[in-house]
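# Observations on the three-dimensional arrangement
So you can see what is in the structure, the chains are spelled out below.
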Amino acid sequence: MVASNCTLYCTSPRERVDGGSAGRGGLAGNRSVKIIDVFERSFQRLMEGSIGRVFNSPVQPAEIGRKLERAMLDNRVTSTNATLVPNDYQVGMHPQDMLQFIDYINGLNRQMEGWLTQIAAERGYTLIDRVRVQIAGDDKVPRRTISVRAMISDRPDVGPADQNVQQRTEIYRVIERETGLPPQRLRVLSGPRRGEEVIIRNPVTTVGRSFDNDIVLEGGDVSRHHARLERSGHHLHVIDLGSTNGTRVNGQPVRSHLVQAGDEMTFGGVQTQLLHYDT
């Protein structure tokens, strides 16, 4: 069931949410500000835990959060027994802006879903299904802006796993279209970032302990600028940059080596694995 939908565009992270149309007083407005602050701090922690480079984007997470809140409030449907609000949100942004979020999108979606669920609960609104947020690349959305489409939608057949697959498919589509290269994924198998993944999407990707690398790996035995990953189509070469503790592929020391899906690369003492395209 789809009760309503809308499209909103934003151009400034400082744009104020219309308190009048939301029916909020000063106290509720202050509470909303505090919630958005919590949302932003939570996302900052998410970014700090990433193995990617330091987050830098012209579109800020709090800006998205405010526009999602506005979309919820503007699409309320009031009946005699309850006030229904959208539970299905599609966030659109220019593909070049979306590329800045690639390593954080799944975590950002979960943060936004929790944020919207909390708003609905605090204000006594009714959700007919769990909150879902997806981000898509859209050439029609100007740079440094976002669009939000909000719907009241009952789709019990779309579970979290299905949602993750849909989001990953969109991420791959944007990367391949914008870079001309199919994305590849690297999973960290040991060290402080064990279990985390990063998408390899550039022709040349640097790996090392220093924060100016594309992939930052913590560890005293990882050199500041340890190795370089060079891509050509589906092929990936790992090149050691004269690191102190060396680079290994499947346990064997290498200077330059062609890496295939399933191979393990060890930088110093940090193990990683190149995943299959659709893993």
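Here's what I pulled together on the structure shown here. (Residues numbered from 1 in each chain as written. Predicted model: local features only at pLDDT ≥ 70, side-chain atom pairs only at ≥ 80, totals over all residues. Heavy atoms only, no water.)

## Considering the sheet that holds strand 7 (residues 184–188)
One open sheet accounts for six strands, arranged 8-7-17-16-13-14; its pairing is antiparallel. Each edge of the open sheet carries a strand with a single partner, namely strand 8 (197–200) and strand 14 (252–254). Pairs of neighbouring strands in the sheet enclose a mean axial angle of 30°, with direction left out of account. The pairing of strand 16 (residues 264–267) with strand 17 (residues 270–274) spans four bridges and is classified as antiparallel. Counted as the bridge partner of Met 265 is Thr 272 from strand 17. (Pairing = 2+ DSSP bridges. Helix = DSSP H or I, 4+ residues; strand = E, 2+ residues; numbered from the N terminus. Axes fitted to C-alpha atoms, helices over the stretch in contact; angles between N-to-C directions.)

## Looking at the nonpolar core
By size, the foremost hydrophobic cluster in this structure holds 33 residues, and its most contacted members are Ile 64 and Tyr 89. Looking at this core, the elements with two or more residues in it are helix 3 (61–74), strand 4 (88–93), helix 4 (95–99), helix 5 (105–123), strand 5 (132–137), strand 6 (146–151) and helix 6 (160–179). Here this core gets seven residues from one element, more than from any other, and that element is helix 5. Excluding residues that lie within four positions of it along the chain, Ile 64 makes contacts with Val 59, Val 91, Met 93, Phe 101, Leu 108, Met 112 and Ile 146. (Core = buried A, V, L, I, M, F, W, Y, C linked by side-chain atoms within 4.5 Å. Buried < 20%, exposed > 50% of the residue type's maximum accessible area, 1.4 Å probe, protein only. Contact = heavy atoms within 4.5 Å.)

## Brief notes about the pattern of salt bridges
Taken as a whole and assessed by the stated rule, the structure comprises 12 salt bridges. Arg 132 is paired through a salt bridge with Asp 129; the nearest N and O atoms lie 3.1 Å apart. Under the relative-accessibility criterion, Asp 129 is labelled buried at 18%. Overlapping salt bridges bring together Asp 88, Asp 129 and Arg 132 as one network. (Salt bridge = Lys/Arg side-chain N within 4 Å of Asp/Glu carboxyl O.)

## As for the side chain of Glu 69
With respect to the element layout, Glu 69 can be found in helix 3. At a separation of 2.9 Å, a polar atom in the side chain of Glu 69 contacts the side chain of Arg 123. (Polar contact = N/O pair within 3.5 Å; in protein donor to acceptor, adjacent residues only side chain to side chain.)

## Quick look at unusual backbone geometry
Of note, Arg 144 is a non-glycine position whose phi angle comes to about 65°, a positive value. Mapping Arg 144 onto the fold places it in the loop between strand 5 and strand 6. Unusually for a residue other than glycine, Asn 250 sits at a positive phi of about 50°. Examined against the element boundaries, Asn 250 turns out to sit in the loop between strand 13 (247–249) and strand 14.

## Here's the deal with the pairing of strand 4
Of all six residues in strand 4, five are buried, a share of seventy percent or more. Where strand 4 and strand 5 come together, six bridges link them in parallel fashion. By the bridge assignment, Gly 92 is partnered in strand 5 with Ala 136. Two strands pair when backbone bridges link them, and strand 4 and strand 6 are joined in this way by six bridges, in the antiparallel orientation. Following the sheet pairing, Asp 88 is matched in strand 6 by Met 151.

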